[in-house]
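Listed below are the residues making up each chain.
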Amino acid sequence: MSLSGVYVTAVESRPGNASLALKAMGESAGTAFPAARELGTSSSRTRRSFGARVNAFVALTKPRIIELLLITTVPVMFLAQQGVPDLKLVLLTCLGGYLSAGGANALNMYIDRDIDALMDRTAQRPLVTGMVSPRECLAFGITLGIVSTLLFGLTVNWLSAWLSLGALLFYVVVYTMILKRRTSQNIVWGGIAGCLPVLIGWSSVTNSMSWAPIILFLVMFFWTPPHYWPLSMKVKEDYARVGVPMLPVVASNKVVARQIVIYSWVMVAVSLLLTPLGYTGWFYTVVAVAAGGWWLWEAHALQNRAKAEVTGGKLKEMRLFHWSITYVSLLFVAVAVDPFLR
């Protein structure tokens, strides 16, 4: 039975939720999807070039998001090894991680294809344009999940394999199917899936766990909401249109900004625990303090603008979103470099 049976059964029960949201806007799901389904017919897909189809399947994996996951995986391998890990192991871990995250992202698109068709930011995804059919997407995502689990288990270790499979299932089932359309805390708990690559990076080298990866897991856990909420503030009308209760949809900018500041302070504080526990030295500490300080400056600046009831482009919420990606890149580069400077 398989994962496909679970996914198909669960997803078949979802259109009711989507139709309720659509009816609230004076539309029906029946009028929203025929166009998307028509684009997905075999006759229209045969007119697409092979290269375009390949690109569409690659797009299902959301490569830009996976880049960020690998940025948090590989440096932890350097920390676990206290030097340069086996390069073959690094490549296998990255490949397994890409396939696992790619499978999760494809299944996410399969489940969310109804709302993706109605949101501006997702209107060009392969299932919406008809470049890939729902059945193809479902099979593709399940296949990647199975291959990645076996790859990890047979070439790295089974601890990493189960962590990888756990991340996939958490993202698809817990976040996408259960939390996303039901609670404004969706990204808080759903973000756990994006934290697990830190544990996978450590376990791939040591086949065990330690406090170091757990601390970095917590850094990513507290990083995820203040990373994603600014983007949600920017596109909250999209989420509101399809009935997804992201925090900026159900709360004022003041409330969201205050939550961002709280999570940011906890994140920075947790990031500084590695050094007193003996896992990192002066270099990591300097980078963590400097990058964290700049993050807090930006978070408080956003809060001040929200308190002043600034709206539109002047709110500049995307400044923090873009900086959040730079921050996590700098922090984990420091994780990788620090062992060589101690």
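Rules and cut-offs
Residues numbered from 1 in each chain as written. Predicted model: local features only at pLDDT ≥ 70, side-chain atom pairs only at ≥ 80, totals over all residues. Heavy atoms only, no water. Helix = DSSP H or I, 4+ residues; strand = E, 2+ residues; numbered from the N terminus. Buried < 20%, exposed > 50% of the residue type's maximum accessible area, 1.4 Å probe, protein only. Contact = heavy atoms within 4.5 Å. Areas by Shrake-Rupley, 256 points an atom, 1.4 Å probe, with all protein chains shown as cover. Salt bridge = Lys/Arg side-chain N within 4 Å of Asp/Glu carboxyl O. Polar contact = N/O pair within 3.5 Å; in protein donor to acceptor, adjacent residues only side chain to side chain. Axes fitted to C-alpha atoms, helices over the stretch in contact; angles between N-to-C directions. Parallel < 35°, antiparallel > 145°, perpendicular 65-115°, else oblique. Nonpolar A, V, L, I, M, F, W, Y, C, P; charged D, E, K, R; others polar. Core = buried A, V, L, I, M, F, W, Y, C linked by side-chain atoms within 4.5 Å. Phe/Tyr/Trp six-rings, centres within 6.5 Å; stacked < 30°, edge-to-face > 60°. Lys NZ or Arg CZ within 6 Å of the ring centre and 35° of its normal. Patch = residues over 30% accessible without salt bridge, like charges linked within 9 Å, V, L, I, M, F, W, Y side chains within 5 Å. pLDDT = per-residue confidence, 0-100.

What about the overall build of the chain?
Thinking step 1. For the chain, the count of helices and strands is 20 helices and 0 strands.
Thinking step 2. Among the 342 residues that make up the chain, the fraction classed as buried is 56%.
Thinking step 3. Relative to all contacts within the chain whose residues are 6 or more apart in sequence, the contacts with residues 24 or more apart total 76%.
Thinking step 4. Here the chain displays about 15,000 Å² of accessible surface, and carbon together with sulfur accounts for 67% of that area.

So, the environment of Gly103
Thinking step 1. Among the structural elements, Gly103 can be located in helix α8 (residues 87-111).
Thinking step 2. When its relative accessible area of 0% is taken as the criterion, Gly103 is described as buried.
Thinking step 3. Gly103 has contacts with Gly141, Leu144 and Leu168, leaving out every residue within four places of it along the chain.

Points about the pattern of salt bridges
Thinking step 1. One pass over the structure, following the stated rule, counts 10 salt bridges.
Thinking step 2. The salt bridge partner of Arg64 is Glu67, with a shortest N-O separation of 3.7 Å. Linking Arg64 with Glu67, this pair stays in helix α7 (residues 63-81), spanning 3 residues, or about one helical turn.
Thinking step 3. By relative accessible area, which is 67% here, Arg64 ends up exposed.
Thinking step 4. On the basis of relative accessible area, Glu67 is assigned to the partly exposed category, the value being 44%.
Thinking step 5. The shortest N-O distance in the salt bridge between Asp116 and Arg125 comes to 3.2 Å. Each member of the pair, Asp116 as well as Arg125, is classed as buried.
Thinking step 6. Several salt bridges share partner residues, and in doing so they unite Asp112, Asp114, Lys180 and Arg181 into one network.

Looking at unusual backbone geometry
Thinking step 1. Not every positive phi belongs to a glycine, and Asn207 is a case in point at roughly 55 degrees.
Thinking step 2. For Asn207, the location among the structural elements is in the loop between α14 (192-206) and α15 (211-234).
Thinking step 3. Located in the positive-phi region is Glu309, a residue other than glycine, with phi close to 60 degrees.
Thinking step 4. Mapping Glu309 onto the fold places it in the loop between α19 (282-307) and α20 (317-337).

Some remarks on the environment of Lys236
Thinking step 1. Topologically, Lys236 is positioned in helix α16 (residues 236-242).
Thinking step 2. A relative accessible area of 28% means that Lys236 is categorised as partly exposed.
Thinking step 3. Among residues more than four places away in sequence, those in contact with Lys236 are Pro248, Val249 and Asn253.

Here's the deal with the side chain of Thr73
Thinking step 1. Structurally, Thr73 can be placed in helix α7.
Thinking step 2. Among the residues examined, Thr73 registers a relative accessible area of 5% and is labelled buried.
Thinking step 3. Looking at Thr73, its side chain comes within polar contact range of the main-chain oxygen of Leu69, at 2.9 Å.
Thinking step 4. Discounting residues that sit within four places of it in the chain, Thr73 has contacts with Thr93, Pro197 and Gly201.

Quick look at the packing of helix α12 (residues 158-179) against α14
Thinking step 1. Packing of α12 against α14 leaves a shortest axis separation of 9 Å and a crossing angle of 175 degrees. Between α12 and α14, the crossing angle belongs to the class labelled roughly antiparallel. The residues of α14 that touch α12, namely those facing Leu159, Ser160, Leu163, Ser164, Gly166, Ala167, Phe170 and Tyr171, are Ile192, Ala193, Leu196, Leu199, Ile200, Ser203 and Ser204.
Thinking step 2. A class-by-class count of the residues in the contact of α12 with α14 yields 10 nonpolar, 5 polar and no charged.

As for the nonpolar core
Thinking step 1. In terms of nonpolar packing, the biggest core is built from 102 residues, with Leu216, Trp295 and Tyr327 touching the most fellow members.
Thinking step 2. Sequence-distant contacts of Tyr327, defined by excluding residues within four places in its chain, comprise Trp223, Met267, Ser271, Ala291, Gly292 and Trp295.

Digging into the packing of aromatic side chains
Thinking step 1. As enumerated under the stated definition, the model contains 11 aromatic pairs in all.
Thinking step 2. For the pair Phe57 and Phe140, a centre-to-centre distance of 5.1 Å together with 70 degrees between the ring planes defines the contact as edge-to-face. Placement of Phe57 in helix α6 (residues 50-60) and of Phe140 in helix α11 (residues 134-156) is noted, with a sequence separation of 83 residues between them.
Thinking step 3. A residue is classified by how much of its surface remains accessible, and Phe140, at 22% relative accessible area, is partly exposed.
Thinking step 4. Put simply, the rings of Trp189, Phe221, Phe222, Trp229 and Tyr263 touch in pairs and so form one group of aromatic residues.
Thinking step 5. Its end group placed over the ring of Tyr110, Arg113 keeps NZ or CZ at 4.4 Å from the ring centre.

Side note on a nonpolar patch on the surface
Thinking step 1. Together, Val84, Leu87, Trp282, Val286, Val333, Val337, Phe340 and Leu341 make up a nonpolar patch on the protein surface, roughly 770 Å² of accessible area in all.
Thinking step 2. For the nonpolar patch, the secondary structure elements donating two or more residues are α19 and α20.

Section: the confidence of the model for the chain
Thinking step 1. Here the chain averages 88 in pLDDT, and 86% of its residues register 70 or above.
Thinking step 2. Contacts for the low-pLDDT stretch residues 1-46, under 50 throughout, to residues beyond four places or in other chains number 56 contacts.

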